[in-house]
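Notes for the structure review
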Amino acid sequence: MTTATQAPPTSPAAAPSARTLPSTPAPSLPSLTGLRWMAALLVFGLHVHNFRYFGGTGGRIVSWGFEAGASGVSFFFILSGFVLMWSARPGDRTTRFWWRRVARIYPVHLVTVALALVMVCTLPRQPRPTLLQGLADVFLVHSWWRPWWQTLDPVSWSLACEAFFYAAFPLLALLLRRLGGRGATALAALAVLSVLALAWTDAHHWWAQPISSFPAARLPEFVLGAATARLVLLGRWRGPGLEASLALAIIGYFLVPQVTDEYAAVACTITGFALLIPAAAVADLNGLPSLWRRRWLVRLGELSFAFYMVHLLVLRAGTHLLGTRPRFHLFTGAAVAVAAFTVALGLSWLLYEGVERPARRLLLRPARRRTA
């Protein structure tokens, strides 16, 4: 994953190449960590909108700003492919890679599953999963079948997609390392065309169930991120700069409410996101100005995974104090939303410092050599 340290300035031609520098670790990209926080914030805003904290004018403002917040998950998928390809270790064993992924996501996942179970057992009106639904959630296969979808901690459906991506990544990385710049560009274009084709078939009801949470349907976003990372690694990326890419991403974001189908939203934002992520990476590599590299934003980005996993549980628990769909006036709704945000952020800090970091260190600790 990216770190909070700033990468040293380099020229575009000096971008690290897996072909020429097989043993050199890729530079850190702190701007991507800052952007990850913004994506998590969009998802939080969407759920505040869905819980109807605001009514009247406030509701219209929140709807305008966050109705498309689910696209933050699409950003996560593209970013995941980019970061994994960027940091992939040549010659790394597949089992070792998978174990690092387990160490990255499973500790926080298991803790939030436990929190959700406590809520189910102690709070009224909480949906109670069956044993099979609970096991599917624990083992991150619940997004493959609609009746198992969104059990316990609902946002973990995206982790089931990520688990599928991780399973496929060693083969994808092998393919990309064999491809040159043209091959990686062709694969990126194929991924975009796949998203457009899936959006069209979903809009015309070719599928028996919604595909917006189906792991195989979200794979092209991950592939696109990995392909763009390969182009940056080869020094072959020729996309627009950070400001223009951000503008395109914002335009795509506000196009989402104009479509009616869930998966079609991916088609609106995929181009902007696919340009923004490598543009931020190139800005870090070349020492160009980047808002997303600010220390406080990078710190929040480090907390973003824990925040994403816990925030919906906080909002659900809040319904027992606030009622369902309270529709407060603007200032009351803002105060309640800030309170929920503060609680979720505090819990995410506890999860990061008390679970995510120490568990990752423990699970990835080198085995002690036995001495005779």
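Note that the coordinates shown come from a computational prediction; the quantities given were computed from them, not determined experimentally.

For helix α11 (residues 295–322), with 28 residues, the first-to-last C-alpha span of 35 Å runs short of the 40 Å given by 1.5 Å per residue. Within α11, the axis deviates most sharply at Ser304, by approximately 50 degrees. Most of α11 sits inside the fold, with 21 of its 28 residues counted as buried. Within two residues after α11, Gly323 carries a phi angle of roughly 90 degrees, on the positive side.

Moving on, we get to the pattern of salt bridges. Side-chain pairs of opposite charge can arise where the charged atoms are in close proximity. Under the defined criterion, the tally for this structure stands at eight salt bridges. For Arg357, the salt bridge is made with Glu353, and the minimal N-O distance between the two is 3.2 Å. Placement of the pair is Arg357 and Glu353 together in helix α12 (residues 330–363), with a separation of four residues, close to one helical turn. Exposure remark for Glu353: the relative accessible area of 28% places this residue in the partly exposed category. Here Arg360 and Glu356 are joined by a salt bridge, their closest N and O atoms 3.5 Å apart. Residue Arg360 and its partner Glu356 are located together in helix α12, separated by four residues, close to a single helical turn. One network of salt bridges, in which partners are shared, links Arg299, Glu302, Glu353 and Arg357.

Given a rise of 1.5 Å per residue, 21 residues ought to cover 30 Å, and the 31 Å separating the end C-alpha atoms of helix α1 (residues 30–50) matches this to within 8%. In terms of residue burial, α1 counts as a mostly covered element, since 17 of its 21 residues are buried.

UniProt records the feature "domain: Acyltransferase" (unreviewed entry) for residues 31–352 in the present numbering. Segment residues 31–352 splits into 74% helix and 0% strand. End C-alpha atoms: 20 Å apart.

This part takes up the UniProt feature "transmembrane region" (unreviewed entry) in the protein chain. Per the UniProt record, the feature "transmembrane region" (unreviewed entry) sits at residues 61–85, 105–123, 155–176, 183–201, 263–285, 297–318 and 330–352. Counting secondary structure, residues 183–201 comes out at 100% helix and 0% strand; the distance between its end C-alpha atoms is 27 Å. A distance of 33 Å separates the end C-alpha atoms of residues 263–285, which is 96% helix and 0% strand.

Basis of the calculations
- Per chain, the residues get numbers from 1 upward, laid out in the order the sequence is written.
- Reporting in this predicted model follows two pLDDT cut-offs: at least 70 for local features of residues, and 80 or more for side-chain atom pairs to be given and counted; totals over whole chains, interfaces and linings ignore these cut-offs and use all residues.
- Heavy atoms from the whole structure form the basis of all side-chain values; hydrogens and water molecules are not counted.
- The numbering of helices and of strands both runs from the N terminus, where a helix is a DSSP run of H or I of at least 4 residues and a strand a run of E of at least 2.
- What a helix should span is 1.5 Å times the count of its residues minus one.
- Across the chain, bend at a residue is computed as the angle between axes fitted to the seven residues ending at that point and the seven starting from it.
- Buried, partly exposed and exposed residues are distinguished by accessible area as a fraction of the type maximum, computed with a 1.4 Å probe on protein chains only: under 20%, between the cut-offs, and over 50%, respectively.
- When a carboxyl oxygen of Asp or Glu is within 4 Å of a side-chain nitrogen of Lys or Arg, the pair counts as a salt bridge.
- UniProt positions are given in the numbering used here, feature names are shortened, and annotations may be inferred rather than shown by experiment.

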